[in-house]
Amino acid sequence: MQSFFGNNRRESPKPVKAQIRGEIPKWLQGTLIRNGPGMHKIGDTVYNHWFDGMALLHSFTFKDGEIFYRSKYLRSDTYRSNMEANRIVVSEFGTMAYPDPCKNIFAKAFSYLSHTIPDFTDNCLINIIRCGEDLYASTETNYIRKIDLETLETNEKVDYRKYVALNLATSHPHYDTNGNTYNMGTSIGDKGKTKYQIIKIPQSKPGDKEHACFTNCEVICSIPSRSLLRPSYFHSFGMTENYIVFIEQPFKLDILKLATAYFRGVNWASCLGWYPNDKTYIHLIDRETKKILSTKYYTDALVVYHHVNAYEEDGHVIFDIVAYNDNSLYDMFYLKILKLDDAAFEKQGKTFSSPSCRRFVIPLQHDKNVELGTNIVTLENTTASALKEKDGYVYCKPEILFEGIELPRINYDYNGKKYRYIYASKVQWRPVPTKIIKCDILTKTCYEWREDHCWPAEPVFVRAPEAKEEDDGDYHLFHSMCL
Ligand SMILES: CC1=C(/C=C/C(C)=C/C=C/C(C)=C/C=O)C(C)(C)CCC1
Ligand SMILES: [Fe+2]
């Protein structure tokens with residue numbers, strides 16, 4: 001376990017031919033790019049958290065039954081500054097850094113405060129996303145970095161703020177079949193308001209100017225945050241054919257804490273707070289009218305990072321998420337925890353909530369005369385319920401589909417549509433998964449794969465060219481953070 005974490009990885013920018021055991025399907029052609037932290041130590045300084053490491057891009061090119069691997073560190077401004085100083089000079093999620101140790105920290109803090117929202121890192125280590133024709137490495141700040149699919153070289157830095165009011169954006173956008181990208185983010189304090197923004201980054205058209213997809217980017221809906229200074233944190237969202245599903249959870253980012261973190265010498269992670277007595281609000285946004293449905297759907301306090309899929313059936317929106325009963329997950333990724341051996345991990349006293357895949361079923365309409373307390377879900381084959389309450393509230397209770405799965409993926413052709421299979425990592429009580437799993441929602445059965453000395457992360461489903469069934473394809477498991 002020890003060797004997984006904290007050691008810097010060497011990049012391998014020249015393609016290396018992989019040794020293959022077994023057989024790669026002949027039809028599987030193309031390149032898979034993965035992202036994740038590769039370096040947690042710079043000079044004599046070390047990061048505290050797994051999400052802090054310098055982004056290392058990996059590519060696996062599948063060609064005629066062979067695989068070629070390469071990897072390259074993302075040459076972000078953060079990476080360059082750190083390398084030049086030979087120490088950590090840019091703050092990351094779990095590590096606050098001070099650029100110039102000689103300068104008076106108070107002077108620096110005041111210049112930070114005058115901006116209120118700090119200038120965040122461009123160490124885009126979480127995922128690879130597509131905007132227009134191009135691929136970008138992404139994190140959850142306002143920056144993404146264009147990368148070259150072939151060479152993994154780093155190209156320009158895009159600042160969402162130049163095009164739309166966004167200080168944070170997810171690393172899990174959605175795509176439609178026309179090549180448009182949809183993402184969600186948070187705009188903090190703009191014109192005195194904090195809001196969640198859903199944006200559409202349009203497909204590229206022949207003859208488009210550089211960055212046209214960003215200059216043509218539009219905000220398709222703004223959802224006011226319940227609180228100006230404590231917007232909810234979110235890592236992904238759901239999209240059906242007609243609706244966007246946004247979960248406003250009681251895991252919140254404290255803006256005042258964020259604005260003063262540098263001055264107080266604490267990391268960004270400490271600005272996230274868990275409010276277990278609050279509700280979790282479920283917002284459905286009509287993609288056509290761009291309006292939020294007025295019914296106040298809610299559920300108990302939960303923490304969700306990954307939406308699995310969402311779709312509509314017989315007047316209901318059904319969405320599946322991987323959820324937790326508290327916010328302990330991100331604490332598990334402090335390197336001091338990850339480096340513990342199994343016995344020490346068990347002994348350290350802190351418990352970490354385990355994930356479950358939960359299905360929510362939201363009735364879009366109901367008879368206004370129905371009695372309070374009635375379950376207004378009329379769909380069969382689900383135990384998920386939605387109880388009508390007074391003042392336009394509906395209390396939603398999920399059906400637990402599967403326990404102990406994370407990093408869910410689907411056949412993306414079925415995104416927004418009724419689907420049957422989830423591919424995921426099976427997690428037990430340690431953060432490093434040892435199995436991947438294929439879950440059949442219809443039969444509630446699972447099929448697992450493991451092998452000694454293999455620590456698969458997220459499985460990526462690739463549809464076979466002549467696929468007839470949803471699960472006609474192949475799935476691959478590679479070390480990565482989110483993708
Ligand atoms: C830098 C930074 C952030 C970074 C968050 C990150 C890096 C989250 C990674 C999450 C992952 C990998 C989840 C996997 O399920 C915040 C808190 C948004 C806001 C403050 C600045
Ligand atoms: Fe993720």
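No experiment lies behind these values; they were computed from the predicted model shown.

What counts and what doesn't
- Residues numbered from 1 in each chain as written.
- Chains lettered and ligands numbered in written order.
- Predicted model: local features only at pLDDT ≥ 70, side-chain atom pairs only at ≥ 80, totals over all residues.
- Heavy atoms only, no water.
- Helix = DSSP H or I, 4+ residues; strand = E, 2+ residues; numbered from the N terminus.
- Buried < 20%, exposed > 50% of the residue type's maximum accessible area, 1.4 Å probe, protein only.
- Pairing = 2+ DSSP bridges.
- Axes fitted to C-alpha atoms, helices over the stretch in contact; angles between N-to-C directions.
- pLDDT = per-residue confidence, 0-100.
- Contact = heavy atoms within 4.5 Å.
- Arc of directions from axis to C-beta.
- Polar contact = N/O pair within 3.5 Å; in protein donor to acceptor, adjacent residues only side chain to side chain.
- Near = heavy atom within 4 Å.
- Areas by Shrake-Rupley, 256 points an atom, 1.4 Å probe, with all protein chains shown as cover.
- Nonpolar A, V, L, I, M, F, W, Y, C, P; charged D, E, K, R; others polar.

## Comments concerning unusual backbone geometry
Even without being glycine, His211 reaches a positive phi, approximately 65°. Positionally, His211 belongs in the loop between strand 15 (193-201) and helix 3 (212-215). Residue class for His211 comes out partly exposed when judged on its relative accessible area of 25%. We note that Lys290 has phi near 65°; this positive angle belongs to a residue other than glycine. Of note, Lys290 is situated in the loop between strand 21 (280-286) and strand 22 (296-299).

## Describing the sheet that holds strand 11 (residues 154-159)
Two pairing modes exist for strands in a sheet, parallel and antiparallel, and in both the strands are linked by backbone hydrogen bonds. The 4 strands are arranged 8-9-10-11 in an open sheet whose pairing can be described as antiparallel. Looking at strand neighbours, the two that pair on one side only are strand 8 (127-131) and strand 11, the edges of this open sheet. When strand polarity is set aside, the average angle formed by the axes of neighbouring strands in this sheet is 35°.

## Quick look at the environment of Phe263
Structurally, Phe263 is set in helix 4 (residues 255-264). What makes Phe263 partly exposed here is its relative accessible area of 34%. Separated by 165 residues in the primary sequence, Phe263 and Tyr98 place their C-alpha atoms 10.0 Å from one another.

## Brief notes about the confidence of the model for the protein
The share of residues in the protein with pLDDT of 70 or more is 94%, and the mean pLDDT across the chain is 92. This stretch, residues 478-483, has a pLDDT under 50; its non-local contacts, to residues over four places away or in other chains, come to 34 contacts. Reported for the predicted complex are a pTM of 0.94 and an ipTM of 0.94.

## So, helix 4
For helix 4, the set of buried residues is Ile255, Leu258, Ala259, Ala261 and Tyr262. The buried residues of helix 4 occupy one face: seen down the axis, they fall within an arc of 140°. Where helix 4 begins, the capping side chain belongs to Asp254, and its oxygen is found 3.1 Å from the backbone nitrogen of Leu256. Directly beyond the C-terminal end of helix 4, a positive phi value near 70° is found at Gly265.

## Brief notes about the site of ligand 1
Around ligand 1 there are 15 residues in total, and Phe51, His235, Trp268, His306 and Tyr330 lie nearest to it. Computed on the free molecule, ligand 1 has an accessible area of 550 Å², of which 96% lies beneath the protein chains in the complex. Its residues assigned to classes, the shell around ligand 1 comprises 10 nonpolar, 4 polar and 1 charged.

## Quick look at the pairing of strand 32 (residues 445-449)
Inspection of the sheet shows strand 31 (residues 435-440) paired to strand 32 by 5 bridges, in the antiparallel sense. In the strand pairing of strand 32, Ile437 is matched with Glu448. In textbook terms, the turn of a hairpin is the stretch between consecutive antiparallel strands, and for strand 31 and strand 32 this stretch comprises 4 residues, one of which, Lys444, has a positive phi near 60°.

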